[in-house]
There are 2 protein chains.
Amino acid sequence: MISKENLLETQQRIQAFIHRTPVLSSQLINEMIGADIYFKCENFQKMGAFKMRGATNAILQLSEIEKGFGVATHSSGNFAQALALAAKLQGMKAYIVMPSNAPQVKKNAVKGYGGEIIECTPTLEARETTLTEVVNKTGAVFLHPYNDYHVIEGQATAAMELIEDHNDLEVIFAPVGGGGLLSGTALAAHYFSPDTKVIAGEPMGADDAWQSFQKGEIVLQTNPQTIADGLLTSLGDKTFPIIKDHVSDIIRVEEEEIIAAMRLIWERMKIVVEPSSAVALAALIKEKSKYKGKKIGIILSGGNVELTKLPF
Amino acid sequence: MISKENLLETQQRIQAFIHRTPVLSSQLINEMIGADIYFKCENFQKMGAFKMRGATNAILQLSEIEKGFGVATHSSGNFAQALALAAKLQGMKAYIVMPSNAPQVKKNAVKGYGGEIIECTPTLEARETTLTEVVNKTGAVFLHPYNDYHVIEGQATAAMELIEDHNDLEVIFAPVGGGGLLSGTALAAHYFSPDTKVIAGEPMGADDAWQSFQKGEIVLQTNPQTIADGLLTSLGDKTFPIIKDHVSDIIRVEEEEIIAAMRLIWERMKIVVEPSSAVALAALIKEKSKYKGKKIGIILSGGNVELTKLPF
């Protein structure tokens, strides 16, 4: 189990290698929702997403011998870039297993951060086989994108900073995919602002976390369909128990609600966020009548979006 | 002529009604250009552009009797919104003459800020006739979008803040349209950081400022063609002399260079800027070999862009 001390040590450990991201507000969005909202802008994090925090923490906890062999993961998303950059900053190698059909722009980003890409056919089985081969061949340490206590500890630091900046938040909203950010956020609130509720937003078309939350056990994601491409994964056996114990609610949102929230952030706050980031605001907007007059934090998880493929 | 004291008084006068905008940097853009660049983010200004500064200053200099009659201008761009919002914040009326073919989104924005729109046929003559009628009928005070000393003083405060935050800039780049921002920036550098050069970026397809600068007298804009829709106007008899005396150079850039610079800012800095904002960075990139290792300020003028009509 992750302790309060683990989180405080994590914050110290990683701070030289990440940005302390700003917290922004929009008077217009506040008026529209009738609440005071503080957006933690992880879209301004290094490589463009909160994943940099967890990747950095996981890498820094390796032994010197392990560091010499490098790290490996499977991801076509932000964790791939985060691990590549976090490894580069420590002078380490990062091996990233990606499906051959991953967008070229994502492959380029990983290469740009110095990661070595190993392509595999786009099936779960091929991905795992390829990863095993890479680990066996290189001796690299496998780091899971979210189902890893050191990764969760790192992700928790975003909410820790938000709580340091605003110590009277009544609710914090975060998106949920594999649950790394959500479980970290929930632990941060539990230890450092116990009166603050943590609520998740999740796409209706990828609602395994909501289903798991209802059923009290992990329900796997099957055939997720959503524009929020950072939220396609299933919960893990390390993230789910934390979520079950420390998250108050999961609110599901439709695709149009995600796109509308994303557009609101772009137009009114003049910042670039990816669809997954907008899911948390979409959830708040959906149930805004419950949050009138409250002081609310929202974690904007990232800003990596392909500008030629916008939904508006 | 605008004095140093005028600028200091302006900064005091308007500060309660505007945002002090942040200054951001991008390590990746710095590495790409080989210089230290500090972006003054006027896209985060109230209503989304630096125009709020000049509009506010001009309104606050009116007498109480004038304030009772309200203000009027002709603009389909950011100054229309700025004047509407600045007037609203002082409890005043704002009459905005707009061509009937102006985009609905721009009309809605002005209305959203409480401005009263008077439509005219889209010719220079109709615009001036309509404005005269409005002024005669309402008694409102006409405020020019840029060729006005109080407006120029207000625009100067963006560079004043940038210089306060970074007092060792070797160059400041700003875009030039009618010259309000550029002349204000040049005066701010002249008085508060005299060793700092001021350089303008201008679209090749709307290069009246460059032509005027070469010829030493105002050359009017004719049939401008550029995506940078904030830079379509001609210099004025109040902005040009300041530019002639205090600006070091005007660099013209092609449309593709503007779009590439805009995309770079969106992708790497994760912020929304309008094409006019990107013209200054495009100019720096075009002549980057001259600026290796230098410390450079860039004024990002605004972030009002229609998301459904992006150039990428």
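Per an unreviewed UniProt entry, chain A goes by the name Pyridoxal-phosphate dependent enzyme and belongs to Ancylomarina longa. For chain A, the Cofactor (unreviewed entry) comment in UniProt is given as "pyridoxal 5'-phosphate".

Enquirer: Just checking my understanding: could you explain the packing of aromatic side chains for this structure?
Expert: Geometrically, a pair of aromatic rings is defined through the distance of the ring centres and the angle of the planes. Going through the model one piece at a time under the given rule, you end up with seven aromatic pairs over all chains. Ring geometry for Phe173 of chain A and Tyr291 of chain A: centres 5.4 Å apart, planes at 80 degrees, overall edge-to-face. Here Phe173 of chain A, found in strand 7 (residues 171–175), pairs with Tyr291 of chain A, found in the loop between helix 13 (275–286) and strand 10 (295–300); they are 118 residues apart in sequence, far enough to count as distant. Summarising the burial analysis for this pair, Phe173 of chain A and Tyr291 of chain A share the class buried. Seen from their ring centres, Trp266 of chain A and Phe312 of chain A are 5.6 Å apart, and the 80 degrees between their planes marks the pair as edge-to-face. Taken together, the residues span a long stretch of sequence, with Trp266 of chain A in helix 12 (residues 255–269) and Phe312 of chain A in the segment after strand 10 at a distance of 46 residues. A relative accessible area of 1% places Trp266 of chain A in the buried class. Residue classification places Phe312 of chain A among the buried residues on the basis of a relative accessible area of 16%. Among the aromatic residues, those joined into a ring-pair cluster are Trp266 and Phe312 of chain A together with Trp266 and Phe312 of chain B. Sitting above the plane of the Trp210 of chain A ring, Arg252 of chain A keeps its charged end 3.3 Å from the centroid.

Enquirer: Help me understand the relation of the copies chain B and chain A in this model?
Expert: Superposition of the two copies of the chain requires a rotation about an axis and a shift along the axis. It takes a turn of 180 degrees to lay chain B on chain A, together with a shift of 0.0 Å along the axis; the resulting RMSD is 0.0 Å. Accordingly, the operation relating the two chain copies is best matched by a two-fold axis. Residue Ile271 of chain B of chain B places its C-alpha closer to the rotation axis than any other residue of that unit, at 2.1 Å. Interface overlap between copies: 100% of the residues of chain B at the interface are likewise at the interface in chain A, consistent with a symmetric, same-surface contact.

Enquirer: Is there a simple way to explain the interface of chain B and chain A in this structure?
Expert: By convention, interface size is frequently given as the accessible area that disappears when the constituent parts associate. Across the contact, 18 residues belong to chain B and 18 residues belong to chain A. Carbon and sulfur atoms make up 66% of the surface buried where chain B meets chain A, a total of about 1500 Å² over both sides. It is Lys270, Val272 and Leu307 of chain B in chain B that bury the most area against chain A; as a group they hold 41% of the surface buried on that side. Between the two partners, chain B and chain A, sit zero salt bridges. The interface formed by chain B and chain A contains six residue pairs in polar contact (both at pLDDT 80 or more). Taken together, the residues of the side of chain B that touches chain A break down into nine nonpolar, five polar and four charged.

So, how was this worked out
- Residues numbered from 1 in each chain as written.
- Chains lettered and ligands numbered in written order.
- Predicted model: local features only at pLDDT ≥ 70, side-chain atom pairs only at ≥ 80, totals over all residues.
- Heavy atoms only, no water.
- UniProt positions renumbered as here; feature names shortened; annotations may be inferred.
- Phe/Tyr/Trp six-rings, centres within 6.5 Å; stacked < 30°, edge-to-face > 60°.
- Helix = DSSP H or I, 4+ residues; strand = E, 2+ residues; numbered from the N terminus.
- Buried < 20%, exposed > 50% of the residue type's maximum accessible area, 1.4 Å probe, protein only.
- Lys NZ or Arg CZ within 6 Å of the ring centre and 35° of its normal.
- Least-squares fit on C-alpha atoms with pLDDT ≥ 70 in both.
- Contact = heavy atoms within 4.5 Å.
- Buried area = accessible area lost by both parts, 1.4 Å probe.
- Salt bridge = Lys/Arg side-chain N within 4 Å of Asp/Glu carboxyl O.
- Polar contact = N/O pair within 3.5 Å; in protein donor to acceptor, adjacent residues only side chain to side chain.
- Nonpolar A, V, L, I, M, F, W, Y, C, P; charged D, E, K, R; others polar.

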